[in-house]
Amino acid sequence: MFDKLTAVEQRYDELLSLLGTAQVQSDPSEFRKHAKAAAEIETLVERFREYKTVIRDLTQAEELAASGDADMRELAAQEVKSLAARRDSLLAELKILLIPKDPNDDRNVILEIRAGTGGDEAANFAADLFRMYSKYAERQGWRLEVMSSSDTGVGGLKEVIATIEGRGAYSKLKYESGVHRVQRVPATEVRGRTHTSTATVAVLPEAEEVDVQINDKDLRIDTFCSSGPGGQSVNTTYSAVRLTHIPSGLVVSQQDEKSQVKNRAKAMKVLRSRLYEMELRKQQEAIAKDRRSQVGTGGRSEKIRTYNYPDSRITDKRSDFTFTTHRLSEVLNGDLAELLDNLTTHYQSEKLRDATVVS
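This is a predicted model, so every value here is computed, not measured.

Q: How should the nonpolar core be read in this particular structure?
A: Inside soluble globular proteins, nonpolar side chains tend to come together where they are buried. Membership of the largest hydrophobic core comes to 37 residues, with the highest contact counts inside it found for Leu111, Ile113, Leu129, Tyr133 and Tyr307. Only β1 (109-115), α5 (119-140), β3 (157-165), α6 (169-173), β5 (195-205), β11 (321-325), α8 (328-332) and α9 (337-358) provide two or more residues apiece to this core.

Following this line, the structure appears as structure tokens:
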């Protein structure tokens, strides 16, 4: 472990030296590449250097605690206790930082939310979830853009697809994919009975053209008149686009824009991300086959979270992870930090445990 940390530190110093050369500074692409590489390991190097400083100070404090007068020994003993605690904390952090980074963590996100079982109440819940993620994105300073949506006309959402652009968006939201369940009394319920409804959430890393190559011969492109609000162009021009990827059977429709070109570009973005996710899942399933961690992949087939309104409680349960909070109102208003941080810590611990077993 420490050999690896030393090698990373040396690599970091090399990158900083390269960034200072006239050759790299005169080449924007090379400069960006090296700057990005340095930024990715900067935190790890900082923690490693702090760890080495703590170890040095701890050794000196232990020597003082074993010699000198009584007052000095007492002060040194307190310092030893404090430094030992910091050493252990840094060591745990270093182990997590050494876990191979998900290459998709810095990507933007394609967020898809669909009403599940429960009729209009499921659609209302889907709208609540979309509002929750929208509020969270706003708190993070991210940019959210609706790609397409289908509403019920009474405040609910049958489906909504949006892009979320911002640093670390996928790393924060990637464990949200799955079936979300709500237990509450719908506004239309006259007898006061609690209903259970569901909505599905899919979080896809936005794919670039270089990630997924789509051949024209594999696409069927259909155009049709848009429906719903939108002015003169609706129902009069063939601006809506439906893309069918023949090999996979995936179908993406887009009609929010008045321009057929813009609708096609948006549909391609969603299609590309779905195909990219399909390939990722194939790789993950191959790697995770017959391993216990497979049940905790955050797949959308799993019922991952329950929002219980009568008890103002949210329970997230998957694999051997359970997190419960009674801050339902705050979470639905976008205060997801505590919940997402606990999920991230759990999955990091899983990866760390798997890495330890393998080694």
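Q: Just checking my understanding: could you explain the sheet that holds strand β7 (residues 240-245) for this structure?
A: Sheet strands line up and pair through hydrogen bonds in the backbone, either parallel or antiparallel. Here we have 3 strands laid out as an open sheet, ordered β6-β7-β8, and antiparallel in their pairing. Two strands in the sheet have a free side with no partner beyond their single neighbour: β6 (219-224) and β8 (250-254). Strand after strand, the sheet turns through a mean of 15 degrees between neighbouring axes, direction not considered.

Q: Explain the pairing of β11 here, please?
A: For a regular strand, side-chain orientation follows a simple rule: the groups alternate between the two sheet faces. Burial along β11 is one-sided: the face carrying Phe321, Phe323 and Thr325 is buried and the face carrying Thr322 and Thr324 is not. For strand β10 (residues 313-318) and β11, the ladder comprises 5 bridges, and the chain directions are antiparallel. Bridge pairing in β11 places Asp316 opposite Phe323. Turn length for the β10-β11 hairpin, with the two strands adjacent in sequence and antiparallel, is 2 residues, and the turn residue Ser319 shows positive phi of about 50 degrees.

Q: Hey, could you run me through the sheet that holds strand β9 (residues 303-308) in this one?
A: The 8 strands lie next to each other as β2-β3-β1-β5-β4-β9-β10-β11, forming an open sheet whose pairing is mixed. Each end of this open sheet is capped by a strand with a single partner; those strands are β2 (143-151) and β11. When strand polarity is set aside, the average angle formed by the axes of neighbouring strands in this sheet is 15 degrees. When β1 meets β3, the two strands line up antiparallel, connected through 6 bridges. Residue pairing for β3: Arg114 is matched across the bridge by Glu159.

Q: Looking at this structure, I do not really get the confidence of the model for the protein chain. What am I missing?
A: Any region with low pLDDT has predicted coordinates that should not be read closely. Chain-level statistics for the protein chain give a pLDDT mean of 83 and a share of 88% at 70 or above. The least confident element of the protein chain is α9, whose mean pLDDT is 76; the most confident is α8, at 96. Within the model, the stretch residues 230-234 combines pLDDT values under 50 with 6 contacts to residues more than four positions away or in other chains. Counting contacts from residues 287-301, a segment whose pLDDT is below 50, to residues more than four positions away or on other chains yields 32 contacts.

Cut-offs applied
Position numbers for residues count from 1 along each chain, tracking the sequence in the order it is written. With pLDDT at 70 or above as the cut-off, local features in this predicted model cover only qualifying residues; side-chain atom pairs require 80 or more to be listed or tallied, and sums for whole chains, interfaces and linings still use all residues. As a convention, hydrogens and water are excluded, and side-chain values are obtained from all of the structure's heavy atoms. Among the buried residues, those of types Ala, Val, Leu, Ile, Met, Phe, Trp, Tyr and Cys that are joined through side-chain atoms within 4.5 Å form a nonpolar core. Any residue under 20% of the maximum accessible area for its type is buried, any over 50% is exposed, and the rest in between are partly exposed; the area is computed with a 1.4 Å probe on protein chains only. Numbering of helices and strands runs from the N terminus; a helix is a DSSP stretch of H or I covering at least four residues, while a strand is a stretch of E covering at least two. Each pair of strands is called paired provided DSSP finds at least two bridges between the two strands. Lines fitted to the C-alpha atoms define the axes, with helices restricted to the stretch that makes contact. Angles between their N-to-C directions range from 0 to 180 degrees. pLDDT measures how confident the predictor is about each residue, on a scale from 0 to 100. The contact criterion used is simple: two residues touch if any of their non-hydrogen atoms lie within 4.5 Å.

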